Structure formats: C-alpha cells, structure tokens
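Analysis of the macromolecular model
So you can see what is in the structure, the chains are spelled out below.
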Amino acid sequence: MASFFVLILGLIVGSFLNVVILRLNTGESAMTGRSRCFSCGAQLQWFDLVPLLSFLWLRGKCRTCGSRISCQYPLVELSTGLVFYAIYFKWMVFAANFSGVMGAMFFLWGFAFWSIFLVSAVYDLRHKILPDQNTYLLIIIALLGIIIFDRERLWPSVAIGGALFLFFAGLWFISRGRWMGFGDAKLFFGAGLFLGWPQALLALFFSFWIGAIISIAVALWRKKLNLKSEIPFAPFIFLGSFIAFLWGDAIYFWHLNLLI
Ligand SMILES: [Zn+2]
C-alpha cells in the first residue's frame, strides 16, 4: 500500500518537474501561473493535468486545438514515478534505522536528490546545456543529507566526488569541451557525493558504457559518425548513477568474489 502511494507521489512530482524543466531559465516561476497549450494558449484545466492519465485520455493532443503534446510529459511523469518506487524499495531496510519523522525525511532526501538530477538530465536533452543553479542545488542537497543521515561518510564522499569531478574536468580541458562540458564534471561531483564509494566509481563506468552504446546506436541510425558529440551526456550520467545506486553494492561485492 505504501509503495503504491510512493508511485502516485512520484507521478505527481514528475508532473511538477515537467513545469520546472520548461520554465527553468525563462524567468517564469514554476510555482505560479496556470499551464497553457503551447500552440493555442488555451489554459489547461485540472483534469488535463492528471499525470499519465490525461495524456492517454487526450491521446497526446490538446483538447482545444488538437495539436500534439510532447511525449516528454508522460515520460518524465512515468520516470519519476518509477524512480520514487525504486528508491522506496532500495531504502526500506535503511529507513528502519531512523524513527518516524527522520525515516520520512530520509526518503524525502532521496526523492529530492533524484528529482533534481532528473531535471538536469531532461534539460540537457532538450537544450544541450546543463543549468548550473540546478547542479549547485543538487550538490547542496547531497551534502545536507549526508551530514544529517550518514555523517561518517562525509569526507570519503567529498573525496570520491572530487576525484570524479577532477577526472571529468580533465577530460573537458584536454578535449577543449568537445567530449563533454564542464557542467558534466560538476554534475558528477554531485552524483559522486550522494553515491559515495564504491557506487560512485561504478556510476562512472555505467555512464560511459551506456553513453558509448547509445551514441554508436544513434550514429548507425543516422548513418554517419559524428565525432563532435551532439549527444548530451547528462542523461547517461543520470542512468549510470541510478543503476549504481540500485545495484552498485551488489555488483561490487559480486565482482570481489570473482577476484578472490
Ligand atoms: Zn492547444
């Protein structure tokens, strides 16, 4: 029952994240102003804004003018729902260490971190640039949570996050920004902080592998290999980090067993 509630919460938050992604750097607040259709400007009613269901019910078209609604909306809603759902199952065991309010705060920390991360990933996909203020918020949230819930790992996490940052800042510098942006390095700092050792290192490997496979697939599909990357890297950092978050410890120990 609680897991179902978490899934619904994720869908609703995802619907809000869509607005944040759209209005970030436009000077418009995500908190005020009703959502409108981009084609005809018709104000959307509450029943047009039910996560996932409205999109399915309207078959992806505006009720007033019939123009297509971007599939970003249902995808971000569904992703946020699934991310929240996965965090809930991953952290159920750890949350038992905290009393009622602290346990809830612990989950809120995870929900907030991955929501902000998802905003960066989707924004990068849309605009091919990372919003700095969002990355700084991600880093602050990661630090705050570690200080509150897991203080012993503060400096080790800063160290591994810093190492990832330096590694990617180095790649950025050597390639003069062709392989990846400086924003990606900062984003990796946030991811490394939150994940800690050894998940942070696995996040790096997963991000690279997913990025390489998808870039080659896209290049084959477009039938041309473009070395100057037009593919934003943040979505891969998000995917790689989330996989490392969910299964990183299991993969790490499984690998150790193979070595011994
Ligand atoms: Zn319309």
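Here the structure is a predicted model, which is why all the values come from computation and not from measurement.

1. A word on the overall build of the chain
Of regular secondary structure, the chain possesses nine helices and zero strands. Across the chain, helices and strands are ordered from the amino to the carboxyl terminus as α-α-α-α-α-α-α-α-α. The C-alpha atoms of the chain give a radius of gyration of 19 Å, which matches the 18 Å a tight globule of 260 residues would have. The principal-axis extent of the C-alpha atoms belonging to the chain is close to 65 × 55 × 35 Å. Buried residues in the chain amount to 44% of all 260 residues. Contacts spanning at least 24 positions in sequence make up 69% of the contacts within the chain whose residues lie at least 6 apart. Measuring between centres, the 19 positive side-chain charges of the chain sit 10 Å from its 10 negative side-chain charges.

2. Considering the packing of aromatic side chains
Applying the stated criterion across every chain, the model contains 38 aromatic pairs. Relative to Phe-106, the ring of Phe-98 lies with its centre 5.0 Å away and its plane at 50 degrees, an arrangement referred to as tilted. Judged by its relative accessible area of 6%, Phe-106 is buried.

3. A closer look at the domain arrangement of the chain
By domain assignment, the chain separates into domain 1 (1–96) and domain 2 (129–260). The C-alpha centroid of domain 2 is placed 25 Å from the C-alpha centroid of domain 1. Domain 1 puts seven residues into the contact, and the matching count from domain 2 is eight residues. A buried area of about 700 Å², summed over both sides, lies between domain 1 and domain 2, and 73% of it is on carbon and sulfur atoms. Remark: the boundary between domain 1 and domain 2 carries one salt bridge. Of the charged contacts, one joins Lys-90 and Asp-249 as a salt bridge, the two residues approaching to 3.3 Å between their closest N and O atoms. For the pair domain 1 and domain 2, the number of links is three residue pairs in polar contact (both at pLDDT 80 or more). Class assignment of the residues belonging to the side of domain 1 that touches domain 2 gives a composition of five nonpolar, one polar and one charged.

4. Things to note about the pattern of salt bridges
In the structure shown here, the tally under the stated rule is five salt bridges. Among the ionic pairs, Lys-186 bridges to Asp-132, the shortest N-O distance being 2.8 Å. You can see Lys-186 sitting in helix α7 (residues 182–195) and its partner Asp-132 sitting in helix α5 (residues 132–149), a full 54 residues away along the chain. Residue Asp-132 is classed as partly exposed on the basis of its relative accessible area of 31%.

5. Considerations on a nonpolar patch on the surface
A cluster of nonpolar side chains, contributed by Val-101, Met-102, Met-105, Leu-108, Ile-140, Leu-144, Ile-147 and Ile-148, occupies part of the molecular surface with about 710 Å² of accessible area. Elements with a minimum of two residues in the nonpolar patch: α4 (100–127) and α5. Looking at the element boundaries, Ile-147 is found in helix α5. For Ile-147, a relative accessible area of 34% puts it in the partly exposed group.

6. A closer look at the nonpolar core
One finds Ile-87, Trp-114, Phe-117, Phe-194 and Phe-245 to be the most contacted residues of the largest nonpolar core, which totals 62 residues. Going through the elements one at a time, α1 (2–23), α3 (72–95), α4, α5, α6 (154–174), α7, α8 (199–222) and α9 (234–259) are the ones with two or more residues in this core. The dominant element in this core, judged by the number of residues it contributes, is α4, at 13 residues. Taken domain by domain, the makeup of this core includes at least three residues from each of domain 1 (1–96) and domain 2 (129–260).

7. What about the side chain of Ser-3?
Note on placement: Ser-3 falls in helix α1. A relative accessible area of 16% places Ser-3 in the buried class. Setting aside chain neighbours within four positions, we find Ser-3 in contact with Tyr-85, Tyr-88 and Phe-89.

8. A few points about the environment of Phe-167
For Phe-167, the position within the fold is in helix α6. Judged by relative accessible area, which is 39%, Phe-167 ranks as partly exposed. Taking the C-alpha atoms as reference, Phe-167 lies 23 Å from Ile-251; in sequence the two are 84 residues apart. The contacts of Phe-167, once residues within four sequence positions are left out, are Leu-204 and Phe-208.

Reading the values: the criteria
Residues numbered from 1 in each chain as written. Predicted model: local features only at pLDDT ≥ 70, side-chain atom pairs only at ≥ 80, totals over all residues. Heavy atoms only, no water. Helix = DSSP H or I, 4+ residues; strand = E, 2+ residues; numbered from the N terminus. Rg over C-alpha atoms; globule rule 2.2 N^0.38 Å. Buried < 20%, exposed > 50% of the residue type's maximum accessible area, 1.4 Å probe, protein only. Contact = heavy atoms within 4.5 Å. Lys, Arg positive; Asp, Glu negative; His and termini not counted. Charge placed at Lys NZ, Arg CZ, Asp CG, Glu CD. Phe/Tyr/Trp six-rings, centres within 6.5 Å; stacked < 30°, edge-to-face > 60°. Domains from an automatic or database assignment. Buried area = accessible area lost by both parts, 1.4 Å probe. Salt bridge = Lys/Arg side-chain N within 4 Å of Asp/Glu carboxyl O. Polar contact = N/O pair within 3.5 Å; in protein donor to acceptor, adjacent residues only side chain to side chain. Nonpolar A, V, L, I, M, F, W, Y, C, P; charged D, E, K, R; others polar. Patch = residues over 30% accessible without salt bridge, like charges linked within 9 Å, V, L, I, M, F, W, Y side chains within 5 Å. Areas by Shrake-Rupley, 256 points an atom, 1.4 Å probe, with all protein chains shown as cover. Core = buried A, V, L, I, M, F, W, Y, C linked by side-chain atoms within 4.5 Å.

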